[in-house]
Amino acid sequence: MKILIVGSGGREHAIAASVAKSPKAEKIYCAPGNAGIAQLAECVPIGAMEFDRLTEFAKEKEIDLVIVGMDDPLVGGLVDQLEAAGIRAFGPRKNAAILEGSKAFSKELMKKYNIPTAAYEVFDKAEDALEYLHTKAKFPIVLKADGLALGKGVLICSTLEEAEDGVCTIMTDKKFGTAGNKMVIEEFMTGREVSVLSFTDGKTIQIMSSAQDHKRAKDGDQGLNTGGMGNFSPSPFYTKEVDAFCKKYIYQATVDAMSAEGRTFQGVIFFGLMLTPDGPKVLEYNVRFGDPEAQVVLPRMKNDILDVCEACIDGTLDQLKLEFEDNATVCVVLASDGYPLKYDKGLPISGLESFDGKDDVFCFHAGTRFAEDGKTILTNGGRVLGITAKAPTLKEARAKAYAATEWVNFANKYMRHDIGKAIDEA
């Protein structure tokens, strides 16, 4: 099979590493890719939102399967365009990708189909949102930009003043662009957060594994929200009881709700859950592998990823059993100091060869590129590398991942030092 992966981050590197393990993968392309993905695939300089060029490339190279890694092209309808051109694509169509593309849509779906989530209100005018905050809100409270905002469009506000500033940020100043044309205000839930990735063919849903993200930039969950500073899998807090509850009231219910709405969902659903004192509730849905969740979940998957993708497309997921190694993974993100605000790019990275030939420690490239010489690898983003380690236990994986962060260096290297600390307290 000839495979095209769409995207350029750590998630796409993890997908490419999984695809490369498949005996079916004859040739892998990635658009646009990065310097790490280039070791596994031929990177082509086509942006993820250049739908016409991606479609032409897929036709020209006779691509057998396109795997869309990123949310923007999914929400924008890339899968629809590829399918219209007769090209098989893995990922939800546009009318199903709205599950992530609009927070208001997903909240209203959950309300309609009795899927447990936080109480909420939707606003499309800043003055109405402010009036609600002044008259009815209980603090702390959560403000969410309706559209895609790179995982950063969620503000937790402890006071009325903070919430007023938040409305200004999202709706008036449009800090997240058109994502802030609408806004969801919802109750603040307490408990542990857990991410659960799943595959679905629109009828059957199979759970991959649980993981736990660390969104804040600094140790102790301080600082600004980022796209994710690290992750571990599985989560010790995702118990058999939680799994049974979610399977009954959340996972299948979501797939069935989408089908009932005429929005059959085929691809990956990422469930962001809050384990509240009243039971698990849905914080958010994503319609693709998380990043860095993919870096901790995919290395543990025993199945051939191409078999699973094809089963989702063909509606035959019930004939396949998802299997995962009985071990643990921890990913520590090496970022550029200053992320997510201002940071330098174009700095040389050393020590990457230390990961060659290892099967228990991986270096997934998130923001890297080649220098003009075509050999030197430079930083090219806020999140640069994801250092992931596998071990029999979470504690061992954590120790191994942090040891491996020392193997690689660049001038403004920055990381959190408490990824998976909750494991030690579990």
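Residues numbered from 1 in each chain as written. Predicted model: local features only at pLDDT ≥ 70, side-chain atom pairs only at ≥ 80, totals over all residues. Heavy atoms only, no water.

**Details of unusual backbone geometry**
Right, on to step 1. Here the amide bond leading from serine 233 into proline 234 is cis, since omega sits at -5°, within 30 degrees of zero.
Right, on to step 2. Mapping proline 234 onto the fold places it in the loop between strand 14 (230-233) and helix 9 (240-260).
Right, on to step 3. Residue proline 292 is bonded to the preceding aspartate 291 through a cis peptide linkage, with omega at 20°.
Right, on to step 4. Among the secondary structure elements, proline 292 is positioned in the loop between strand 16 (279-286) and helix 10 (293-297).
Right, on to step 5. Its identity as a non-glycine residue notwithstanding, asparagine 114 has a phi of 55°, on the positive side.
Right, on to step 6. Of note, asparagine 114 is situated in the loop between helix 6 (103-112) and strand 6 (120-123).
Right, on to step 7. Overall, asparagine 114 belongs to the exposed group, its relative accessible area being 66%.
Right, on to step 8. The backbone of aspartate 221 shows a phi angle near 55°, a positive value even though the residue is not glycine. (Helix = DSSP H or I, 4+ residues; strand = E, 2+ residues; numbered from the N terminus. Buried < 20%, exposed > 50% of the residue type's maximum accessible area, 1.4 Å probe, protein only.)

**Focus: the sheet that holds strand 8 (residues 154-157)**
Right, on to step 1. Spatial ordering of the open sheet is given by 6-9-7-8, a layout of four strands whose pairing is antiparallel. Each edge of the open sheet carries a strand with a single partner, namely strand 6 and strand 8. Each strand axis lies, on average, 20° off the axis of its neighbour in the sheet, ignoring direction.
Right, on to step 2. Two elements, strand 6 and strand 9 (residues 183-187), share four bridges in a ladder whose sense is antiparallel. By the bridge assignment for strand 9, glutamate 121 is matched with isoleucine 185.
Right, on to step 3. Sitting on the sheet, helix 6 touches strand 6, strand 7 (141-145) and strand 9, and the angle it makes with strand 6 is about 140°. (Pairing = 2+ DSSP bridges. Axes fitted to C-alpha atoms, helices over the stretch in contact; angles between N-to-C directions. Contact = heavy atoms within 4.5 Å.)

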